[in-house]
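Architecture and fold: a report
Next come the chains, spelled out residue by residue.
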Amino acid sequence: MGKIGTVFLGFCSLAIFIPWVCSGLKEEEEKIWSQSLCRGKEKVTKLHFYLQDVVGGPNRTVYDVAKSEITDSLPSEFGEVLVLDNLVTAGPEPESKKVGRMQGVVGLSDLHEMALFMLVNLVFTEGKFNGSTLSVLGRNPLNDKVREVQVVGGTGVFRMARGYVITRTHSVVDAHILSVYEYTVVVFHFDEEAMDLLDM
Ligand SMILES: *[C@@H]1O[C@H](CO)[C@@H](O)[C@H](O)[C@H]1NC(C)=O
Ligand SMILES: *[C@@H]1O[C@H](CO)[C@@H](O)[C@H](O)[C@H]1NC(C)=O
């Protein structure tokens, strides 16, 4: 993930809640969690990557789960639900560097236009983001050139994340096999590296 810009924004402003948030936490992990929450720095991270949406062929990663009785008769494909485990890559080519997966459920939930609801987790597998996740929950109107979907949380490096995804269709190699989507993600989160600065 080469194109990651990181800007420090400022210190955690939750100081007023420390006694309440940090009390009653017994286990060591919970202690570390609360200390990083209460005392870590908040920062913003920008990620840029591509999603390989393989809907057919031998390497398929998207499958239908269900359809409504009117799905096939509507241009919006309303009522179709799919599950996916798509490869996330640094570049647009499927063989470019793997940086993670996008796993979850999407569905067509607009009667009148092709618009997805997304309920997916981005699972990162490279570098300092390895093992960290971001949860994306929102509406993705596929016919719009540029779409915004909200990031509602995260784990690991992205603990307490909130932010947004800007996505656009990069290319449709074959509508029945592969589409590639470009993703730019901006998230506010607490800095794991700031843990090093803590006097635990
Ligand atoms: C499927 O994946 C294999 C292994 O990565 C690759 O060699 C092959 O070219 C892929 N096939 C298609 C149709 O993309
Ligand atoms: C990511 O983390 C897993 C589990 O800790 C590890 O097995 C893997 O080698 C790591 N990958 C990279 C690229 O660091």
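Please refer to the structure higher up on the page.
Described in the following lines is the structure provided in the data block. Quantities reported herein were computed from a predicted structural model and do not represent experimental measurements. (Residues numbered from 1 in each chain as written. Chains lettered and ligands numbered in written order. Predicted model: local features only at pLDDT ≥ 70, side-chain atom pairs only at ≥ 80, totals over all residues. Heavy atoms only, no water.)

1. Describing the overall build of the protein chain
Helix and strand counts for the protein chain come out as 2 helices and 10 strands. Starting at the N terminus and walking to the C terminus, you meet the elements of the protein chain as β-α-α-β-β-β-β-β-β-β-β-β. Counting all 200 residues of the protein chain, 41% fall into the buried class. In the protein chain, 54% of the contacts between residues at least 6 apart in sequence involve partners at least 24 apart. (Helix = DSSP H or I, 4+ residues; strand = E, 2+ residues; numbered from the N terminus. Buried < 20%, exposed > 50% of the residue type's maximum accessible area, 1.4 Å probe, protein only. Contact = heavy atoms within 4.5 Å.)

2. A word on unusual backbone geometry
One non-glycine residue, E77, lies in the positive phi region at around 55°. In this structure, M160 takes a positive phi of about 65° despite not being glycine.

3. Description of the pattern of salt bridges
Pairing between side chains of opposite charge can happen when the charged atoms of each approach one another. By the definition in use, this model includes 7 salt bridges. For E126, the salt bridge is made with K97, and the minimal N-O distance between the two is 3.5 Å. Here E126 is found in the loop between β6 (115–124) and β7 (133–141), whereas its partner K97 is found in the loop between β4 (81–89) and β5 (98–108), with 29 residues between them in sequence. Across the pair R139 and D110 runs a salt bridge, and its minimum N-O distance is 2.7 Å. Residue R139 is located in strand β7, and its partner D110 is located in the loop between β5 and β6; the two are separated by 29 residues in the primary sequence. We classify R139 as partly exposed; its relative accessible area is 41%. D110 sits in the buried class, given a relative accessible area of 15%. Here the residues in one salt-bridge network are D110, E113 and R139, joined through shared partners. (Salt bridge = Lys/Arg side-chain N within 4 Å of Asp/Glu carboxyl O.)

4. Some details on the site of ligand 2
With respect to spatial proximity, the complete set of residues near ligand 2 consists of T125, E126 and N130. N130 is positioned such that a nitrogen or oxygen atom in its side chain is 2.3 Å from an oxygen atom of ligand 2. Surface burial for ligand 2 is 26%, taken as the share of its 360 Å² of free accessible area covered by protein chains. (Near = heavy atom within 4 Å. Polar contact = N/O pair within 3.5 Å; in protein donor to acceptor, adjacent residues only side chain to side chain. Areas by Shrake-Rupley, 256 points an atom, 1.4 Å probe, with all protein chains shown as cover.)

5. Describing the nonpolar core
In this structure, F49, M102, L134 and F158 are the most contacted members of the largest nonpolar core, which totals 29 residues. Those elements that place two or more of their residues in this core are β2 (41–54), β4, β5, β6, β7, β8 (147–155) and β10 (178–190). If you tally residues by element for this core, the top one is β6, at 5 residues. When sequence neighbours within four positions are dropped, the list of residues in contact with L134 reads L47, V120, N121, L122, F124, V151, G153, G154, F158, A161, V185 and V187. (Core = buried A, V, L, I, M, F, W, Y, C linked by side-chain atoms within 4.5 Å.)

6. With respect to a nonpolar patch on the surface
On the surface, a nonpolar cluster with roughly 270 Å² of combined accessible area is contributed by Y63, V65 and V83. In this fold, V83 is placed in strand β4. By relative accessible area, V83 is classed as partly exposed at 37%. (Patch = residues over 30% accessible without salt bridge, like charges linked within 9 Å, V, L, I, M, F, W, Y side chains within 5 Å.)

7. What to know about the packing of aromatic side chains
Taken as a whole, this structure holds 5 aromatic pairs when the rule is applied. An angle of 55° between the planes, with centres 6.2 Å apart, marks the rings of F124 and F129 as tilted. When its relative accessible area of 2% is taken as the criterion, F124 is described as buried. Judged by centre distance (5.1 Å) and plane angle (5°), the ring pair of F129 and F158 falls under stacked. Within this pair, whereas F129 is found in the loop between β6 and β7, its partner F158 is found in the loop between β8 and β9 (162–174), the two being separated by 29 residues in sequence. Residue F158 is classed as buried on the basis of its relative accessible area, which comes to 0%. (Phe/Tyr/Trp six-rings, centres within 6.5 Å; stacked < 30°, edge-to-face > 60°.)

Function cannot be read off these values alone, since they describe shape.
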